[in-house]
Amino acid sequence: MRYLSTRGHTDRKSFCQILLEGLAPDGGLYLPEHYPHVDSQKLAQWRGIWNNQGYAGLAFAVLSLYIDDIPAADLKALCDKTYTEQVFGSPQIVPLKPLHAPGAPTPELYLEALSNGPTLAFKDMAMQLLGNLFEYELARRSEELNILGATSGDTGSAAEYAMRGKKGVRVFMTSPNGRMSPFQQAQMFSLLDENIHNIAIDGVFDDCQDIVKAVSNDLAFKRKYKIGTVNSINWARLLAQVVYYFAGYFQATKNNAEQVNFSVPSGNFGNVCAGHVARMMGLPIAKLVVATNENDVLDEFFRTGVYRVRGTADTHETSSPSMDISKASNFERFVFDLLGRDGSRVAQLFGPAIHEQGRFDLSSDPLFAQAAQRYGFVSGKSTHADRLATIRDVFARYGVMIDTHTADGVKVARDHQQTGVPMLVLETALPIKFASTLVEALGREPDRPVQFNGIEALPKRVQVMPADTELIKQYIATHCD
Ligand SMILES: *Cc1c(COP(=O)(O)O)cnc(C)c1O
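Reading the values: rules and limits
Residues numbered from 1 in each chain as written. Predicted model: local features only at pLDDT ≥ 70, side-chain atom pairs only at ≥ 80, totals over all residues. Heavy atoms only, no water. Helix = DSSP H or I, 4+ residues; strand = E, 2+ residues; numbered from the N terminus. Polar contact = N/O pair within 3.5 Å; in protein donor to acceptor, adjacent residues only side chain to side chain. Contact = heavy atoms within 4.5 Å. Buried < 20%, exposed > 50% of the residue type's maximum accessible area, 1.4 Å probe, protein only. Salt bridge = Lys/Arg side-chain N within 4 Å of Asp/Glu carboxyl O. Near = heavy atom within 4 Å. Areas by Shrake-Rupley, 256 points an atom, 1.4 Å probe, with all protein chains shown as cover. Nonpolar A, V, L, I, M, F, W, Y, C, P; charged D, E, K, R; others polar. Pairing = 2+ DSSP bridges. Axes fitted to C-alpha atoms, helices over the stretch in contact; angles between N-to-C directions.

Draft legend 1. Structural detail: the side chain of Thr-318. Mapped onto the elements, Thr-318 comes out in the loop between strand E11 (306-308) and helix H13 (331-338). Here Ser-320 takes part through its backbone nitrogen, which lies 3.0 Å from a polar atom of the side chain of Thr-318. Other than its neighbours up to four places away in sequence, Thr-318 contacts Asn-293, Glu-294, Asn-295, Asp-324 and Arg-387.

Below, the structure is given as structure tokens:
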């Protein structure tokens with residue numbers, strides 16, 4: 001399999017070539033040259049793999065179609081090592097929980113549990129694999145990598161838990177000092193591994209991001225200290241996420257003639273883009289429901305055909321904070337497919353159009369109608385009031401506590417139900433991560449998985465620093481020897 005850029009660059013690369021890269025050289029995102037087709041025979045075979053070998057076996061089957069530069073036995077070992085009951089808390093890895101009222105003929109919805117990994121958010125599903133892939137590939141090349149990132153919570157901790165103790169990798173993670181929830185701070189700062197460096201910046205999240213950008217723009221420093229990232233545009237992360245769409249389908253259905261719908265709490269369009277890839281491969285998905293919070297960039301596009309990025313001032317701080325985005329960084333991948341893979345048109349839209357006007361408008365293009373008709377996308381938006389009402393309703397009706405992001409998924413899913421088609425809502429985090437909103441909704445603290453009892457009291461390892469790029473560079477340089 002070869003990979004190409006969404007902006008039309010003529011280079012074609014293999015999986016391991018793009019694994020450690022960010023954007024393509026022309027600023028585009030990498031996608032496979034084509035989506036391998038899973039016909040009914042193969043789908044039947046994969047259902048058997050799911051039943052007999054579980055998640056790791058299924059992951060190997062999916063990944064093998066896209067990765068031809070890692071020997072099969074090694075790839076299999078990487079999948080087996082990643083997706084274990086020990087790390088993900090259950091033998092199914094992504095168990096399906098029906099929300100079923102007593103006496104009702106069928107469940108109203110299913111929650112697909114993606115958030116039982118080490119940091120209790122779905123980002124572990126891909127990041128844990130990425131950690132093992134990085135370690136493998138760096139050893140093969142005898143190289144090192146220093147991951148520099150900025151986080152306001154979920155991404156940073158998922159990256160640290162995936163990279164801790166990995167050979168050849170160090171993580172330098174900046175976060176705004178004192179602004180993450182106490183639980184999130186405890187999760188990150190209690191990691192004592194030598195290759196993990198927590199840097200709490202005196203400032204806000206944007207200051208952290210500015211520092212990361214400034215360091216990355218110093219090309220000499222970047223090359224000398226082998227600076228890289230693990231952001232959500234990485235193709236390997238997206239690919240790892242494709243697997244749980246298949247796993248959800250096999251759990252919700254009995255035979256491969258059935259269809260399902262997925263509702264996906266969305267911010268950067270990474271999670272639901274993996275659903276798009278699964279659907280393009282032939283998984284019988286009727287609808288992909290894109291659920292946004294008050295930051296409704298994506299809902300606006302799917303309703304109107306206008307993609308309009310927001311400024312910092314128009315980006316809302318919400319109670320589903322991991323979906324607080326001003327632009328959807330993976331969305332370009334879908335637009336590339338929607339526009340018949342016309343790289344020069346995508347380059348125009350995401351280059352000059354976005355930079356100069358902050359928006360583009362496909363409403364009068366006949367291809368826009370295909371987003372719904374051919375690709376199955378529908379969308380909706382959920383607000384703080386919707387979130388509270390949904391958390392209360394799901395708890396009252398089913399006795400199940402859901403987190404704020406998952407609540408957005410449930411709220412929007414309910415507006416797109418079809419009789420006879422199971423609706424799977426992706427559960428993207430556990431409620432304990434967003435305890436204050438749960439208390440607001442239910443008047444009580446959410447349940448805490450036992451392994452997190454008392455983490456706030458553990459010893460912490462964190463360096464507090466001013467928002468000063470030069471000092472951060474010095475810190476990285478001294479810790480790279
Ligand atoms: C990152 C995140 C999301 C959004 O996922 P995207 O891939 O950015 O659309 C939703 N919920 C939670 C809990 C997250 O951490």
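After that view of the structure, there is still more to cover.
Draft legend 2. The environment of Gly-282, seen in detail. If you trace the backbone, Gly-282 turns up in the loop between helix H11 (270-281) and strand E10 (285-292). Residue classification places Gly-282 among the partly exposed positions, given a relative accessible area of 28%. Leaving out residues up to four positions away in the same chain, Gly-282 has contacts with His-37 and Val-38.

Draft legend 3. Structural detail: the pattern of salt bridges. All chains considered together, the criterion is met by 30 salt bridges. Note that Arg-310 is salt-bridged to Asp-296, the shortest N-O span being 2.7 Å. Taken together, the residues Arg-310 in the loop between E11 and H13 and Asp-296 in the loop between E10 and helix H12 (297-304) connect sequence positions 14 residues apart. The same class applies to Arg-310 as to Asp-296, namely buried.

Draft legend 4. Seen up close, the environment of Arg-140. Examined against the element boundaries, Arg-140 turns out to sit in helix H5 (residues 123-141). In this structure, Arg-140 is in contact with Cys-16, Asp-69, Ile-70 and Pro-71, ignoring residues within four places of it in sequence. Of note is the side chain of Arg-140, whose polar atom sits 2.9 Å from the side chain of Glu-137.

Draft legend 5. Main features of the site of the ligand. Lys-123, Asp-154, Gly-267, Asn-268 and Asn-271 are the nearest of the 15 residues found near the ligand. Take Asn-268: an N or O atom from its main chain is 2.8 Å from an oxygen atom of the ligand. Measuring from an oxygen atom of the ligand, one finds a backbone N or O atom of Gly-270 at 3.2 Å. Considered on its own, the ligand offers 380 Å² of accessible surface; in the complex 97% of this is hidden by protein. Considering only residue class, the shell around the ligand consists of 5 nonpolar, 8 polar and 2 charged.

Draft legend 6. Region of interest: the sheet that holds strand E13 (residues 377-381). The 6 strands are arranged E3-E4-E14-E9-E10-E13 in an open sheet whose pairing can be described as mixed. The open sheet has two free edges, formed respectively by strand E3 (96-99) and E13, since each of these has just one partner strand. This sheet shows a mean twist of 25° between the axes of neighbouring strands, independent of strand direction. Sheet topology note: the E10/E13 ladder contains 5 bridges and is parallel. Considered in E13, the bridge of Val-289 is made with Val-378. Packing of H11 onto the sheet brings it into contact with strand E9 (260-265), E10, E13 and strand E14 (423-427), and relative to E10 it is tilted by some 170°.

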